[in-house]
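What follows is each chain in one-letter form.
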Amino acid sequence: MERNKTGIVVLVILTGFFLLGVAMVFNTSVRREAALKNQASVNEKIEFLNSIDLTVYWIGGFPAELEKLRESTNVIMPEEISKENMPIKSSSFRITITEDSGNTKEIVPRKYSEYMMIVITTGEGFSEEAKEVLRDCIVSNGVPVLCIGGDACELVGTLLIHGSGYGKDQTLFYKLKEGYQEPYLDAKAVSEGGTALADAFCTKLSEYCNASATKKMTEASERIASASVSASEADITATTAETSPSESGSESTETVRVPIPPLD
């Protein structure tokens, strides 16, 4: 009798382990399927981002979930930052400078992408020269910057004299003449990382590029409309000037007499 009870207990325990194993496998399968679905959503957004004239300057470790975005991204570590690999303000014209020593230096205009964004995910490893380059890009050239994580926010907050005391899940976005947005990404997505963070980032970047494109189209339309109005006003003024009498108000008249042939 005791042996039968022992066998039943063992059977129950084994059944419990089996069901637990099945539940774990099922849960893992569901999570894997959800992760694949989320990654597919990220890749779809990346496909759009890669189709436009975009360059992301990513400073810090680059997430594996954004791997397909590498073709539109320059990954730069803090110690690698220089004027040569960052979007600093440059001259619009080719200039040749002759130094006191007699040597000549040529400044060549740079061609940047229509849409740009600097993304910073760390606050360590930046030299004073690197910070100055960042300030040039953000303040002088107007390139928007996104800081992900408290350390990155602290760095840029101090650099732009904006503030400090950021949490580890904090994000900060700044664009010259448009100001700050904080938080910029969902804190839960930042904390979770992985595809959640990648999806939140790609969504915001897509929204930013679309908004910028709409703004540029609106400004272009306004300029065209303004130019058309100016041209119409100039045309009306010119026509009026041509048809108005002289300033003195006098007009010269001439009577033409046609000779009448004599009667027979």
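Residues numbered from 1 in each chain as written. Predicted model: local features only at pLDDT ≥ 70, side-chain atom pairs only at ≥ 80, totals over all residues. Heavy atoms only, no water.

What about the side chain of Lys175?
Right, on to step 1. Examined against the element boundaries, Lys175 turns out to sit in strand β7 (residues 171–175).
Right, on to step 2. In this structure, Lys175 is in contact with Gly142, Pro144 and Tyr208, ignoring residues within four places of it in sequence. (Helix = DSSP H or I, 4+ residues; strand = E, 2+ residues; numbered from the N terminus. Contact = heavy atoms within 4.5 Å.)

Some words on the environment of Ile97
Right, on to step 1. One can find Ile97 in strand β3 (residues 95–98).
Right, on to step 2. Given a relative accessible area of 35%, Ile97 falls into the partly exposed group.
Right, on to step 3. Each C-alpha atom, one on Ile97 and one on Ile107, is 7.8 Å from the other, the two residues being ten residues apart in sequence.
Right, on to step 4. Each residue touching Ile97, except ones within four places of it in the same chain, is listed here: Asn103, Thr104, Lys105 and Ile107. (Buried < 20%, exposed > 50% of the residue type's maximum accessible area, 1.4 Å probe, protein only.)

Thoughts on the sheet that holds strand β5 (residues 115–120)
Right, on to step 1. As summarised here, the arrangement of the six strands in space is β2-β1-β5-β6-β7-β8, forming an open sheet in which the pairing is mixed. Edge strands, defined here as strands with exactly one partner in the open sheet, are β2 (73–76) and β8 (179–181). On average, each strand axis in the sheet is inclined to that of its neighbour by 15°, with strand direction left out of account.
Right, on to step 2. Taken together, the three bridges between β5 and strand β6 (residues 145–148) define a ladder with parallel strand orientation. Paired with Val119 across the bridge in β6 is Leu146.
Right, on to step 3. Contacting β1 (54–59), β5, β6 and β7, helix α2 (residues 128–140) crosses the sheet at an angle of about 140° to β5. (Pairing = 2+ DSSP bridges. Axes fitted to C-alpha atoms, helices over the stretch in contact; angles between N-to-C directions.)

With respect to the pattern of salt bridges
Right, on to step 1. What the rule picks out here adds up to six salt bridges.
Right, on to step 2. The partner of Glu114 in a salt bridge is Lys216, and the shortest N-O contact between them spans 3.6 Å. A residue pair is termed long-range when its members are at least 10 positions apart, and Glu114 in the loop between β4 (104–107) and β5 and Lys216 in helix α5 (residues 194–243) qualify at 102 residues. (Salt bridge = Lys/Arg side-chain N within 4 Å of Asp/Glu carboxyl O.)

Some words on the packing of aromatic side chains
Right, on to step 1. Enumeration according to the criterion identifies five aromatic pairs in this entry.
Right, on to step 2. Aromatic side chains Trp58 and Phe62 sit 5.2 Å apart centroid to centroid with 85° between the ring planes, which places their arrangement in the edge-to-face category.
Right, on to step 3. For Trp58, a relative accessible area of 2% translates into the label buried.
Right, on to step 4. Judged by relative accessible area, which is 14%, Phe62 ranks as buried.
Right, on to step 5. One aromatic cluster is present, built from ring pairs that chain together Trp58, Phe62 and Phe201.
Right, on to step 6. Geometry around Tyr184 places Lys204 over its ring, the cationic atom sitting 4.9 Å from the centre. (Phe/Tyr/Trp six-rings, centres within 6.5 Å; stacked < 30°, edge-to-face > 60°. Lys NZ or Arg CZ within 6 Å of the ring centre and 35° of its normal.)

Looking at the confidence of the model for the protein chain
It should be kept in mind that the predicted coordinates are not to be read in detail where pLDDT is low.
Right, on to step 1. Residues of the protein chain with pLDDT of at least 70 account for 73%, and the chain-wide mean is 83.
Right, on to step 2. Low pLDDT (under 50) marks residues 246–264, which in the prediction has one contact with non-local residues, meaning those over four places away or in another chain. (pLDDT = per-residue confidence, 0-100.)

Quick look at the pairing of β5
Right, on to step 1. Among the six residues in β5, six count as buried, and that is most of the element.
Right, on to step 2. Along β5, one buried face is formed by Tyr115, Met117 and Val119 and the opposite face, lined by Met116, Ile118 and Ile120, is buried too.
Right, on to step 3. Relative to β5, β1 runs parallel, the two sharing six bridges. Within β5, the position partnered with Leu54 by the bridge is Tyr115.
Right, on to step 4. After leaving β5, the chain enters α2 and then returns to the sheet as β6, a path that is right-handed. (Right-handed = clockwise from strand over helix to strand, strands pointing away.)

Considering helix α3 (residues 150–159)
Right, on to step 1. The buried count for α3 comes to seven of ten residues, which makes it a mostly enclosed element.
Right, on to step 2. Along α3, the residues that are buried comprise Gly150, Ala152, Cys153, Leu155, Val156, Gly157 and Leu159.
Right, on to step 3. Considering only its buried residues, α3 is in contact with β5, α2, β6 and β7.

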